[in-house]
Amino acid sequence: MSQSTTEIDVLVCGGGPVGLLTAYCLSRYGVSTMVVEQHVPTSETRYGRAAMIMPRTLELLDQLDLADALGQIGFAVRGQKAYKDGKMVEIGPTVSSESDTFFDYVLVCRQRWTEQVIADAYTKLNGTLQYGTKLTNIEITEQASNDTVLTTVMNPAGQESHVKSKYIVGADGGRSVVRKLAGIEFEGEGTSRRWVRIDGIVETNMPEARYGLTSIHSASHGSILWVCLDHNATRVGFSLPDTCWPVGKEITQDDIVQEARKALKPFTLEFKSVDWWTVYSIGQRLAADYRAHDRLFVAGDAAHTYSSGSAQGMNVGLQDAVNLAWKLAGRIKSHFVDRLLNTYNIERRAVAEQIIAQDKIISLLTEGKIPSELRDDPDKNPHRLLFKQLKKNQAYSSGLGIAYPEDNLAIVRASGTVALRIRSGERAPDILVQRPGIRVPLRLHSQMKYHGAFAIVVFCGDTSKTEDLITEWRSYLDGAESFMRYKADIFDSATIMIHDNYAGAPSESLKTHPFGQVFYDTDGSAHERYGIAHDKGAVLTIRPDGVVGTACALNEGHLVSAFFAKFMITEKEETLVSESNGVSAHHLTKGEIELN
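Residues numbered from 1 in each chain as written. Predicted model: local features only at pLDDT ≥ 70, side-chain atom pairs only at ≥ 80, totals over all residues. Heavy atoms only, no water.

## Structural notes on the overall build of the protein
Thought 1: Of regular secondary structure, the protein possesses 15 helices and 28 strands.
Thought 2: A compact globule built from 596 residues would reach a C-alpha radius of gyration of about 25 Å, and the protein, at 26 Å, matches this within 12%.
Thought 3: By its C-alpha atoms, the protein is 75 × 65 × 45 Å across when sized along the principal axes.
Thought 4: The buried share among the 596 residues of the protein stands at 58%.
Thought 5: Put simply, of all contacts in the protein between residues at least 6 apart along the chain, 72% involve residues at least 24 apart.
Thought 6: Here the protein carries 63 positive and 73 negative side-chain charges, and the mean point of each set is 5 Å from the other. (Helix = DSSP H or I, 4+ residues; strand = E, 2+ residues; numbered from the N terminus. Rg over C-alpha atoms; globule rule 2.2 N^0.38 Å. Buried < 20%, exposed > 50% of the residue type's maximum accessible area, 1.4 Å probe, protein only. Contact = heavy atoms within 4.5 Å. Lys, Arg positive; Asp, Glu negative; His and termini not counted. Charge placed at Lys NZ, Arg CZ, Asp CG, Glu CD.)

## Structural notes on the nonpolar core
Thought 1: Counting residues in each nonpolar core, the largest one holds 117 residues, and the members touching the most others are Leu21, Trp473, Phe483, Phe564 and Phe567.
Thought 2: The biggest single contributor to this core is helix α8 (residues 313-332), with eleven residues.
Thought 3: Apart from residues no more than four positions distant in its own chain, phenylalanine 483 is found in contact with Ile456, Trp473, Tyr476, Leu477, Phe491, Phe515, Val560, Ser561 and Phe564.
Thought 4: Ranked by size, the runner-up nonpolar core spans 24 residues in total, among them Ala428, Ala526, Ala538 and Ala551. (Core = buried A, V, L, I, M, F, W, Y, C linked by side-chain atoms within 4.5 Å.)

## Notes on the pattern of salt bridges
Pairs may arise between side chains of opposite charge once their charged atoms sit close together.
Thought 1: Considering all chains together, one arrives at 29 salt bridges under this definition.
Thought 2: Here arginine 56 ties to glutamate 59 by a salt bridge, and the two come within 2.7 Å at their closest N and O atoms. Taken together, the residues span about one helical turn, with arginine 56 and glutamate 59 both in helix α3 (residues 55-63) at a distance of three residues. No difference in accessibility class separates arginine 56 from glutamate 59, as the two residues are buried.
Thought 3: Taking the shortest distance from any N to any O, the salt bridge between arginine 261 and glutamate 270 comes out at 2.9 Å.
Thought 4: On the basis of relative accessibility, which here comes to 39%, the residue glutamate 270 falls in the partly exposed class.
Thought 5: If you follow the salt bridges from partner to partner, you end up with Arg56, Glu59, Asp100, Arg427 and Arg529 in one network. (Salt bridge = Lys/Arg side-chain N within 4 Å of Asp/Glu carboxyl O.)

## Let's talk about the state of the cysteines
Thought 1: The full count for this structure, using the stated rule, is zero disulfides.
Thought 2: A disulfide-free cysteine, cysteine 13 has its sulfur positioned 18 Å from the sulfur of cysteine 25, the nearest such atom.
Thought 3: Sulfur of cysteine 552: no disulfide; nearest cysteine sulfur belongs to cysteine 460 and is 12 Å away. (Disulfide = S-S within 2.5 Å.)

## Topic: the packing of aromatic side chains
Thought 1: Under the defined criterion, the tally for this structure stands at 24 aromatic pairs.
Thought 2: Ring centres of phenylalanine 454 and phenylalanine 564 lie 5.0 Å apart, and the angle between their planes is 90°; on these two criteria the pair is classed as edge-to-face. On the criterion of sequence distance, the pair formed by phenylalanine 454 in strand β24 (residues 454-462) and phenylalanine 564 in helix α15 (residues 557-565) is long-range, its members being 110 residues apart. You'll find phenylalanine 454 and phenylalanine 564 in the same group, each marked buried.
Thought 3: Aromatic side chains phenylalanine 564 and phenylalanine 567 sit 6.0 Å apart centroid to centroid with 65° between the ring planes, which places their arrangement in the edge-to-face category.
Thought 4: Here phenylalanine 564 falls in the buried class, since its relative accessible area comes to 0%.
Thought 5: Overall, phenylalanine 567 belongs to the buried group, its relative accessible area being 1%.
Thought 6: Its end group placed over the ring of tyrosine 486, arginine 485 keeps NZ or CZ at 4.9 Å from the ring centre. (Phe/Tyr/Trp six-rings, centres within 6.5 Å; stacked < 30°, edge-to-face > 60°. Lys NZ or Arg CZ within 6 Å of the ring centre and 35° of its normal.)

## Examining the sheet that holds strand β12 (residues 160-165)
Thought 1: Taken in spatial order, the four strands make up an open sheet running β1-β12-β11-β10, and their pairing is mixed. Two strands lie at the open edges of the sheet, namely β1 (5-7) and β10 (134-140), each paired on one side alone. Strand-to-strand twist in this sheet, taken as the mean axis angle between neighbours without regard to direction, amounts to 25°.
Thought 2: As paired elements, strand β11 (residues 149-154) and β12 share six bridges and run antiparallel to each other. Bridge assignment links threonine 151 to a residue of β12, and that residue is valine 163. (Pairing = 2+ DSSP bridges. Axes fitted to C-alpha atoms, helices over the stretch in contact; angles between N-to-C directions.)

## Some remarks on the packing of helix α1 (residues 17-28) against α8
Thought 1: For the pair α1 and α8, interaxial distance at closest approach is 8 Å and the crossing angle is 25°. With respect to α8, the axis of α1 lies roughly parallel. As α1 packs across α8, the resulting crossing turns out to be right-handed. Here Pro17, Val18, Leu21, Thr22, Cys25 and Leu26 of α1 lie close against α8, whose contacting residues are Met314, Gly317, Leu318, Ala321, Val322, Ala325, Leu328 and Ala329.
Thought 2: For the contact of α1 with α8, the class distribution of residues is twelve nonpolar, two polar and no charged. (Parallel < 35°, antiparallel > 145°, perpendicular 65-115°, else oblique. Left-handed = near helix turned anticlockwise from the far one by under 90°. Nonpolar A, V, L, I, M, F, W, Y, C, P; charged D, E, K, R; others polar.)

## Quick notes on the sheet that holds strand β9 (residues 128-131)
Thought 1: Pairing within the open sheet is mixed, and its six strands lie in the order β9-β3-β2-β13-β20-β19. At either end of the open sheet lies a strand with only one pairing partner, and these are β9 and β19 (291-292).
Thought 2: Sitting on the sheet, α1 touches β2 (10-13), β3 (33-37), β9 and β13 (167-170), and the angle it makes with β3 is about 170°.

## What about helix α5 (residues 111-124)?
Thought 1: The end-to-end C-alpha separation of α5 is 20 Å, in line with the 20 Å expected for 14 residues at 1.5 Å each.
Thought 2: Along α5, the positions that sit buried rather than exposed are Gln111, Trp113, Thr114, Glu115, Val117, Ile118, Ala119, Ala121 and Tyr122.
Thought 3: In the stretch just after α5, asparagine 126 is the one whose phi turns positive, near 65°. (Expected span 1.5 Å × (residues − 1).)

## Points about the environment of lysine 380
Thought 1: Along the polypeptide, lysine 380 turns up in the loop between α9 (342-366) and α10 (382-392).
Thought 2: A C-alpha to C-alpha distance of 7.6 Å links lysine 380 and isoleucine 370, two positions ten residues apart in sequence.
Thought 3: Discounting chain neighbours no more than four positions away, the residues touching lysine 380 are Ile370 and Arg375.
Thought 4: In terms of polar contacts, lysine 380 uses its side chain to reach the backbone carbonyl oxygen of aspartate 377, at 3.0 Å. (Polar contact = N/O pair within 3.5 Å; in protein donor to acceptor, adjacent residues only side chain to side chain.)

## Points about the confidence of the model for the protein
Thought 1: Averaged over all residues, the pLDDT of the protein equals 89, while 91% of them reach at least 70.
Thought 2: Contacts from residues 572-596, a stretch scored under 50 in pLDDT, to residues over four places away or in other chains number 58 contacts. (pLDDT = per-residue confidence, 0-100.)

## Describing the pairing of β13
Thought 1: Alternating residues of β13 divide into Tyr167 and Val169 and Ile168 and Gly170, and every residue in both groups is buried.
Thought 2: Summarising the sheet, β2 and β13 pair through four bridges and their orientation is parallel. In the sheet register, valine 10 faces β13, and the bridge partner there is tyrosine 167.
Thought 3: Across three bridges, β13 lies against strand β20 (residues 296-298) in parallel orientation. By the bridge assignment, glycine 170 is partnered in β20 with valine 298.

## Some remarks on the side chain of serine 218
Thought 1: For serine 218, the location among the structural elements is in strand β15 (residues 213-218).
Thought 2: Note on serine 218: relative accessible area 7%, which makes it buried.
Thought 3: If we skip the residues at most four places from it in the chain, serine 218 touches Ile224, Ala263 and His383.

Below is the structure:
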């Protein structure tokens, strides 16, 4: 019997949060996808695993219309505290008070529910999700065509079929089949150190047990994690002393419950029910490259692994997905040159490197051990040092402080004529504005959701002082050199002006035809957040993942065109079909139309 063949744009291997979000984003951006997951989830395995969703990840999920559903399920945490010998010793916020986000909290929502929310949204976009389907082989065809990757998959009945796709994304975990078949080295090391996580409904005499996030100092088990979960559950986490079980002895749920009770002393602990538990070895590993053979990518745990000490695994993976999806979608639609895809590896791998460096320190401190990097610190208490490290890394671990370096391609330095508080490569923070006539503040991001489009945001300043500059911007837009000449439907736009919202029409205040949606910055705070002078204004080009690509003055529209000329394809004469003519796809010679 001949094997059936399915043809799609992108095959995603891995049905966890990262794979699902990658597929969801691509489908949202108009790209056909299929997700294959070799495991059939059980109720127990789906309950646990990753749980903490950090502020930057929440921002991204909000822009993708997923955060509201998760917010209806999860437990919002704004504070963390620590106990020692039954007494509170420290307290602080989970997110720096200096952060500028409306998502100024950590949402604790177990992986089961996160997967369910994303999977539901994905299937509503007619996405294909196959559980119990294993990837067994990847073949990159010798003759290039629109479908240059042939994948063999096996269903639960043992029947094989083929999938033809333009790209494959491996989001299939630390033992990634895609990474292995691609020949990507997974650099780093594991350890024999074991950590425990157990979720369930509990009773305890610990004060304010539903506060959110708590650390309990233990002489025998290091720093004990206590975090409130969705559905009134609690997670207890701790390192397992080496002397607890001989090598090879099976560990049972009862053993873990008893050990958790010991770890929490002097507080009492009773489990009314257990949803999920695990014992795992920690280590840090990083893929040598996130892209191989042009067509294969890895993301999430397939690209990087570390301990759960700072709750970064799922967050970094979901951010990988958002970064990769818009670039892949634009390339598949022949909007972008191929080399733009290389920025995924450059940008995201550097983030994982930083997280791994932090995690090596945090994981040792969690176990009550002082790493070599901190041996000169006058404070020799590992619990206090852990709290200090978590505070020190707060901006980065929240995701709000992550910034990508300038590469003169996807991140271009802002014009020297504008002095902004936000640099190219940083996230574009949300701001409050008003709709014309409606004097109620609303978030700008709520009006500019992610659909794979660049956001061109024009800050007009005080229109009584910037009238001539606004006229110059309008002339640029209407001219032959405007970026609007690109036929690609990947631009969103907004105009923000400092003006009262009492009466009048936007076009009258601007004295020209508006560019996109118009919003009022009645008190100038939106301009000030970005550091934009009221008498000069500025134009920000924001990438489809919410990162500032570049910025310029109102009379420097040509710089917007120059930015897009670095990676946009002006005509669709050069498509994926013509990337290689009879040459092995492992060594494709790229040919594209680029603007100088």
